[in-house]
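If you want the building blocks of each chain, they are given just below.
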Amino acid sequence: MIKKKAHVVVIGGGILGTSIAYNLAKMGLRDIVLLERQYLNSGATGRCGAGIRQQWGTEMNCILSRESVRLFEHLEEELEYDHSIEFKQKGYLFVIYLEKELEQFKKNIALQNSLDIPSRLITPAEAKEIVPHLNTDRLLGATYCPTDGHANPFHVTQAYAKAAELLGTTIHTYTEVLGIDEEGDRVRGVRTDQGTISCDIVVNAAGGHAALIGNMVGIELPIYPERHQAMVSEPVNIFQNPMVISLYHHLYIQQAPHGPFIMGQGDPNEPKSFNIEPSWQFPLEVAKKVAEILPPLKDLKIVRQWAGLYDMSPDAQPILGESPEVQGFFTSAGFSGHGFMIAPYTSKLMAQAILGEEPEMHIDMLNYDRFASGKLILEPAVV
Amino acid sequence: MSDDKTIMCRCEDLTVEDIREWIAKGYKTFEEIKRVSRIGMGPCQGRTCRQHLLRELAKATGKTLAEVELATFRPPTKPVSLETLAGGEVDD
């Protein structure tokens, strides 16, 4: 049943695994197998907040997200997908409550503008024009980028997977990776519960499980899983255009194109673990904050609550590239909660690196050896 | 009357035909069909459509109803307003 041989084996059926497989196939590679332990989207991608933003605090994330937005704009056509990916560009509004935050946001906006991202610092009154139901008490200001937005993670992943399959990629779902075989300092194959696949290259796109995959070739990737929760309301008429996000409250709230409000919160005290059980405290905490920031939303009825894993890295930047220790072993993980929105461009760069081409944007500094040499690229703007 | 136009998921307005199309496209489990079609993701959280979808999946895969896997049940059991939740854990 399972293929016995491939040039590249991609581990992980989320947005990164499927988009890397697609980009490799698009560049002409026909010998790709993608492995997923459960079903496509069963991990972090299918549990994410579905936001897409370019308002970042490092040049790296700004470029990765800006180029990804350009790709999202034409993704349905590029992938010839037969369903909408529900891409919308109605902006992201960051609400600012602390002086110290304001200083950081000013720096971020200057950086973003220098990279052609059309974000701007606005007053509380201007913010209220964009989101009329916003409570502006205690608000110092806001930043707004009109080309940020939303896409449906389920459909984006399926779109990449279908396009990759049309170009010859084989996808094995319900196939769990048990080990990776090496020969000398090279990868030689992947052992699964359905049989062994011999291969030249392994791509680790296993999200929160990426460190476990790294251990299979004896390397320590500083990526750890951390539960993040979200909940959603029943659909209502559209009345909120941008995502409203507060770093102060560790909170984000957006209305998806078909009407429901999706809201999530990061808990700074969340321990490292594979736990994805929703907590009873989460809806109570979020409801209090939402009722304060966006008062009319208090009438919304919550229909569902869930949790998923962020694949955290120490500087909240992804770990990309080939292992300096094990040839043919590539990692694309550690996205720290923003993998979905930067996947279209990141996957393209990864495919270029895997095929031995010079990636159009340098990603060398994103390899995991940056942690040993202390060259971290700390992202200040994460929830 | 053809039953293909019968509404299977009232919350998301999906017909039997819609669901059969997703199954024909290769989505063969409850979790997968839920994610692409939104069946069972509306206010009733699958109370109405769950049994119908299970029967369609059993038919399509040759499994018995008991063998078709359910999707994860998620809280809350019934829709709850944010105002009620914001009231906190104290009894009123």
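Residues numbered from 1 in each chain as written. Chains lettered and ligands numbered in written order. Predicted model: local features only at pLDDT ≥ 70, side-chain atom pairs only at ≥ 80, totals over all residues. Heavy atoms only, no water.

What am I meant to see in the packing of aromatic side chains here?
Given two aromatic rings, one states the distance between the centres and the angle between the planes to describe the pair. This structure, assessed with the given rule, holds nine aromatic pairs over all chains. A centroid spacing of 6.3 Å and a plane angle of 40 degrees characterise the contact between tyrosine 92 of chain A and phenylalanine 94 of chain A, whose relative ring orientation is tilted. Here the aromatic rings of phenylalanine 94 of chain A and phenylalanine 105 of chain A are separated by 5.3 Å at their centres, their planes lie at 55 degrees, and the arrangement is tilted. Of the two residues, phenylalanine 94 of chain A is situated in strand β4 (residues 92-96) and phenylalanine 105 of chain A in helix α4 (residues 99-114); the sequence distance between them amounts to 11 residues. The pair formed by phenylalanine 94 of chain A and phenylalanine 105 of chain A is uniform in burial state, with each residue classed as buried. Three or more aromatic residues joined by ring pairs make a cluster, and in this case those are Phe72, Phe87 and Phe340 of chain A. Residue placement shows arginine 53 of chain A over the ring face of tryptophan 56 of chain A; its charged tip is 3.6 Å from the ring centre. Lysine 25 of chain B extends its terminal NZ or CZ atom over the ring of tryptophan 22 of chain B, reaching a point 4.4 Å from the ring centre. (Phe/Tyr/Trp six-rings, centres within 6.5 Å; stacked < 30°, edge-to-face > 60°. Helix = DSSP H or I, 4+ residues; strand = E, 2+ residues; numbered from the N terminus. Buried < 20%, exposed > 50% of the residue type's maximum accessible area, 1.4 Å probe, protein only. Lys NZ or Arg CZ within 6 Å of the ring centre and 35° of its normal.)

Is there a simple way to think about the confidence of the model for chain B in this case?
Detailed reading of the predicted model is not advised wherever pLDDT is low. Taken residue by residue, chain B gives an average pLDDT of 91. The fraction at 70 or more is 92%. Complex prediction metrics read pTM 0.96 and ipTM 0.92. (pLDDT = per-residue confidence, 0-100.)

Explanation requested: the layout of surface pockets in the structure shown.
Picture a little ball the size of a water molecule; that probe, rolled over the atoms, points out where space is still empty. Residues and elements named next belong to chain A. One number sums up the size of the second largest pocket: a volume of about 400 Å³. Around the second largest pocket sit 26 residues that line it, and His250, Pro380, Ala381, Val382 and Val383 are the ones nearest its centre. Counting only elements with at least two residues in the lining of the second largest pocket, the list comes to α4, β13 (224-233) and β17 (301-312). Of the residues forming the lining of the second largest pocket, the biggest block, five residues, is contributed by α4. In the lining of the second largest pocket, the residues fall into 13 nonpolar, seven polar and six charged. Residue-level mapping places the lining of the second largest pocket at the junction of two domains, with at least three residues from each of domain 1 (8-47 + 154-223 + 315-373) and domain 2 (88-147 + 224-312). (1 Å grid on protein atoms, 1.4 Å probe; cavity = no way out; pocket = protein on both sides within 12 Å on 5 of 7 lines; lining within 4 Å. Points joined across faces, edges and corners; volume = space filled by probe spheres on them. Nonpolar A, V, L, I, M, F, W, Y, C, P; charged D, E, K, R; others polar. Domains from an automatic or database assignment.)

Just checking my understanding: could you explain the packing of helix α1 (residues 16-24) of chain B against helix α2 (residues 30-37) of chain B for this structure?
The relative placement of two packed helices comes down to the angle between their axes together with the axis-to-axis distance. All names here are of chain B. At a minimum axis separation of 11 Å, α1 and α2 run at an interaxial angle of 115 degrees. The interaxial crossing formed by α1 with α2 has right-handed handedness. Contacts from Ile19, Trp22 and Ile23 in α1 reach Ile33, Val36 and Ser37 in α2. For the contact of α1 with α2, the per-class residue count stands at five nonpolar, one polar and no charged. (Axes fitted to C-alpha atoms, helices over the stretch in contact; angles between N-to-C directions. Left-handed = near helix turned anticlockwise from the far one by under 90°. Contact = heavy atoms within 4.5 Å.)

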